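A look at the structure
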Amino acid sequence: MEQTISASRWTTQSGQKINLHNLHQKFNIFCDSQAGNRTAWFLFALVFQGVFFLPLPAVLIYYYGAPVAVLALTLGLFFANIIAGMGGAGIRTLLGFFAASLVANLLMFVLFLL
């Protein structure tokens, strides 16, 4: 069975195509499909961060002795999301900031609890 490779797909002799998208390309494809829902994603990101991530520094600092930099990072990411959303940034930027804040806050949570 002969295989050939192109820029983004493997093709076999039977004609089956296998996508070789990496994680960044999949993220961009998802973002582009959500372009019409930019305002909804902006509001979802603000509510989600307000409910789950803004109380996180208080818990980490008071109960687990985390440094105050945790508060600065959490508030910085929250306000970056607000500025990006209200400033008219594209959907990739909005979802990128939301993903970055999600990863950073979850990483802080895991690091200080262990």
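Residues numbered from 1 in each chain as written. Predicted model: local features only at pLDDT ≥ 70, side-chain atom pairs only at ≥ 80, totals over all residues. Heavy atoms only, no water.

**So, the nonpolar core**
By size, the foremost hydrophobic cluster in this structure holds 7 residues: Phe42, Leu46, Phe78, Ile82, Ala84, Ala89 and Leu94. Elements with a contribution of two residues or more to this core: helix 2 (38–53) and helix 4 (69–86). The dominant element in this core, judged by the number of residues it contributes, is helix 4, at 3 residues. Not counting chain neighbours up to four residues away, the residues in contact with Ala84 comprise Ala89, Leu94 and Phe97. Leu60, Ala66, Val70 and Met108 belong to the second largest nonpolar core, which has 5 residues in total. (Core = buried A, V, L, I, M, F, W, Y, C linked by side-chain atoms within 4.5 Å. Buried < 20%, exposed > 50% of the residue type's maximum accessible area, 1.4 Å probe, protein only. Helix = DSSP H or I, 4+ residues; strand = E, 2+ residues; numbered from the N terminus. Contact = heavy atoms within 4.5 Å.)

**A closer look at the environment of Pro55**
Mapped onto the fold, Pro55 is located in the loop between helix 2 and helix 3 (56–64). With 19 residues separating them along the chain, Pro55 and Thr74 place their C-alpha atoms 9.5 Å apart.

**Things to note about the pattern of salt bridges**
Tallied over the entire structure, the rule returns 1 salt bridge. Arg92 is the partner of Asp32 in a salt bridge, and the nearest nitrogen-oxygen pair spans 2.7 Å. Here Arg92 lies in helix 5 (residues 91–113) and Asp32 lies in helix 1 (residues 23–33), a separation of 60 residues in the sequence. Accessibility expressed as a relative area gives 42% for Asp32, which makes it partly exposed. Take Arg92: its relative accessible area is 39%, and that puts it in the partly exposed class. (Salt bridge = Lys/Arg side-chain N within 4 Å of Asp/Glu carboxyl O.)

**Examining the packing of helix 2 against helix 4**
One way to put it is that helix 2 packs onto helix 4 with a least axis distance of 10 Å and a crossing angle of 165°. Our classification of the angle between helix 2 and helix 4 gives roughly antiparallel. Helix 2 and helix 4 meet at a crossing whose hand is left-handed. Only Thr74, Leu77, Phe78, Asn81, Ile82, Gly85 and Met86 of helix 4 make contact with helix 2, whose side of the interface consists of Arg38, Phe42, Leu46, Gln49, Gly50 and Phe53. For the contact of helix 2 with helix 4, the class distribution of residues is 7 nonpolar, 5 polar and 1 charged. (Axes fitted to C-alpha atoms, helices over the stretch in contact; angles between N-to-C directions. Parallel < 35°, antiparallel > 145°, perpendicular 65-115°, else oblique. Left-handed = near helix turned anticlockwise from the far one by under 90°. Nonpolar A, V, L, I, M, F, W, Y, C, P; charged D, E, K, R; others polar.)

**Focus on the packing of aromatic side chains**
One pair of aromatic rings is described through two measures. These are the centre distance and the angle between the planes. Applying the stated criterion to the full structure yields 9 aromatic pairs. Aromatic pair Phe48 and Phe52: ring centres 4.8 Å apart, planes at 50°, arrangement tilted. Of this pair, Phe48 and Phe52 both sit in helix 2, 4 residues apart, roughly one helical turn. Phe52 sits in the exposed class, given a relative accessible area of 51%. Taken together, the ring pairs in this structure connect Phe30, Trp41, Phe44, Phe48, Phe52, Phe53 and Phe98 into an aromatic cluster. (Phe/Tyr/Trp six-rings, centres within 6.5 Å; stacked < 30°, edge-to-face > 60°.)

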